[in-house]
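# Summary of the model geometry
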Amino acid sequence: MAEETSTLAGRPERPLPPVRDWPAGELNATEFEPVLAELMREGPLTRIRLPYGEGWAWLATRYDDVKMITNDPRFSRREASVRQVTRLAPHFAPRPGALAWADQPDHNRLRNAVSAAYTVSAVKRLRPRAQEMLDALVDRTVADGPPADLVERVLEPFPINVVCEVMGVPVDERQKLHDWTREIISTAGGAEASEQAKKGLFGWIGEAVRERRDSESESESESDGGSNSGSEDVLSLLGGAVRRGELGLEEAISVAGPLQIGGEAVTNNSGQMFYLLLTRPDLLARFRDDPASRPAGIEELLRHIPHRAAVGLPRIATQDVDIHGTLVSAGDAVYVSYLAANRDPDVFPDPDRIDFDRDAGTHVSFGNGPHFCTGAVFSRMQIELLIDALLERLPGLRLAVPADQVPFRQRTMIRGPVALPVTW
């Protein structure tokens, strides 16, 4: 096979880097992805092929390049939604109007429909209710006594209840939605299981949005044409947007689905954090003895933990772009790695070390640019509450099994422990 080359204006042809297969291998606990570590050493831009989809894609691993690509309109998410780009997930069927696949100005139009539910003031309003839900879980855990599975008792039900509060999901429906979202982020069940879970989740959301649309319309009629009832949960906001013609029904469903799925991330991220704290006595002692260090420590843990397997969603270059002397041609697929950017030694010296005294606030664990995580403020709030509550209510908290016996999820897009057996 002839060597592949690229040509930049005024420069001689140069060979492209080889395409590297990136299998979905098993990973141990919170270890950094070894294939990604190799790709980072090979250069700022490499070419990868993931287990599903077609072809190959560029991968950017340096912090500055990741920030540039994710904030540059020359790299399109929408274009990637209509192609079989090489990918980690077995099932690929982006919904029309999905927020995650939208470019500007559609992205802002879709996001603005739910923005009122994700403001700082909305977080402040929800915080007492979140604290109440968390306290109830910890109360029951303490009453039942050790040992306990921290994931089952607290780290899983708390974020799921919080995201369902934000979304407006009734209490008796929450477990069903959680079962669907957990299946969607898994790669173990294959394409059919993932597709069925998506049909269930998005079908339920469609019914809920239609119900909110119609009930808001009736409320307005009964109140002499006044404004809507003022509900600020996501499903109500989307129902109102559909009723006013600001979004189509399918667009509203596509916005809501990923927001509901996002609750799984807090469970897994907090699970990794507690695993690190419970296997690193120095870190745990710092958090216990110096509560004022916790906010900075949480940011450092967010920077450090490998919150996902492989990479997220791709983009397509809509025109030729020169990155470090390498031609990314129009039509090429491009991935960025936030995990790699968070370990860039030019930005975070000695990046593999957890240092609660470093300024980690510039990490990109919640993304960057227009697609910065909608729920970032809620995620931080939940993690803060979890760490404060569990360290203060369970002062002797420790693992109940050797660290190497803590089971971690495999064949999943979001990494974290399956269970975290603890005692106190």
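In short, a report on the structure. (Residues numbered from 1 in each chain as written. Predicted model: local features only at pLDDT ≥ 70, side-chain atom pairs only at ≥ 80, totals over all residues. Heavy atoms only, no water.)

Here we take up the sheet that holds strand β8 (residues 315–317). Sheet strands pair by backbone hydrogen bonding; their relative direction is either parallel or antiparallel. What the 6 strands build is an open sheet, ordered β3-β4-β5-β11-β8-β6; its pairing is mixed. Edge positions in the sheet fall to β3 (19–21) and β6 (75–76), since each has one partner strand and no second. Direction of pairing for β8 relative to strand β11 (residues 333–336): antiparallel, over a ladder of 2 bridges. The residue bridging Arg-315 from the neighbouring strand is Val-334, located in β11. Against the sheet, helix α2 (residues 63–70) touches β5 (57–60), β6, β8 and β11, its axis set at about 125° to β11. (Pairing = 2+ DSSP bridges. Helix = DSSP H or I, 4+ residues; strand = E, 2+ residues; numbered from the N terminus. Contact = heavy atoms within 4.5 Å. Axes fitted to C-alpha atoms, helices over the stretch in contact; angles between N-to-C directions.)

This paragraph deals with helix α1 (residues 34–42). Every α-helix carries 3.6 residues per turn, so stepping three or four residues along brings you back to the same face. Within α1, the full set of buried residues consists of Val-35, Leu-36, Ala-37, Leu-39 and Met-40. Among the structural elements, β3, β4 (45–49), β5 and α15 (338–341) are those in contact with the buried residues of α1. Where α1 begins, the side chain of Glu-33 points an oxygen toward the backbone nitrogen of Val-35, at a separation of 3.3 Å. (Buried < 20%, exposed > 50% of the residue type's maximum accessible area, 1.4 Å probe, protein only. Polar contact = N/O pair within 3.5 Å; in protein donor to acceptor, adjacent residues only side chain to side chain.)

So, about the pattern of salt bridges. The tally for this structure, following the rule as stated, stands at 33 salt bridges. We note a salt bridge from Asp-72 to Arg-74, for which the minimum N-O separation is 2.7 Å. On the basis of relative accessible area, Asp-72 is assigned to the buried category, the value being 14%. Three or more residues joined by partner-sharing salt bridges are found here, namely Arg-129, Glu-132, Glu-165 and Arg-174. (Salt bridge = Lys/Arg side-chain N within 4 Å of Asp/Glu carboxyl O.)

This model, assessed by the stated rule, comprises 1 cavity of 30 Å³ or more. By volume, the largest cavity amounts to about 130 Å³. If you trace the largest cavity, you find 16 residues lining it, with Ala-24, Gly-25, Leu-27, Ala-309 and Thr-412 closest to the centre. Residue composition of the lining of the largest cavity, grouped by class: 7 nonpolar, 4 polar and 5 charged. (1 Å grid on protein atoms, 1.4 Å probe; cavity = no way out; pocket = protein on both sides within 12 Å on 5 of 7 lines; lining within 4 Å. Points joined across faces, edges and corners; volume = space filled by probe spheres on them. Nonpolar A, V, L, I, M, F, W, Y, C, P; charged D, E, K, R; others polar.)

Along its 13 residues, helix α11 (residues 249–261) runs 19 Å from first to last C-alpha, staying within 8% of the 18 Å computed at 1.5 Å per residue. Within α11, burial applies to Ala-252, Ile-253, Ser-254, Val-255, Ala-256, Gly-257, Leu-259, Gln-260 and Ile-261. (Expected span 1.5 Å × (residues − 1).)

We now examine the environment of Leu-276. Within the secondary structure, Leu-276 is located in helix α12 (residues 263–279). Sequence separation between Leu-276 and Ile-305 is 29 residues; the distance between their C-alpha atoms is 8.9 Å.

One pass over the structure, following the stated rule, counts 7 aromatic pairs. Ring geometry for Tyr-275 against Phe-408: centres 5.0 Å apart, planes inclined by 85°, an arrangement best described as edge-to-face. Taken together, the residues span a long stretch of sequence, with Tyr-275 in helix α12 and Phe-408 in the loop between β12 (398–399) and β13 (421–423) at a distance of 133 residues. Taken individually, Tyr-275 and Phe-408 each receive the classification buried, so the pair is uniform in this respect. Above the ring of Trp-56, the side-chain terminus of Arg-47 is found at 4.4 Å from the ring centroid. Of note, Arg-303 hangs over the ring of Phe-348, and the distance from its end group to the ring centre comes to 5.3 Å. (Phe/Tyr/Trp six-rings, centres within 6.5 Å; stacked < 30°, edge-to-face > 60°. Lys NZ or Arg CZ within 6 Å of the ring centre and 35° of its normal.)

Function cannot be read off these values alone, since they describe shape.
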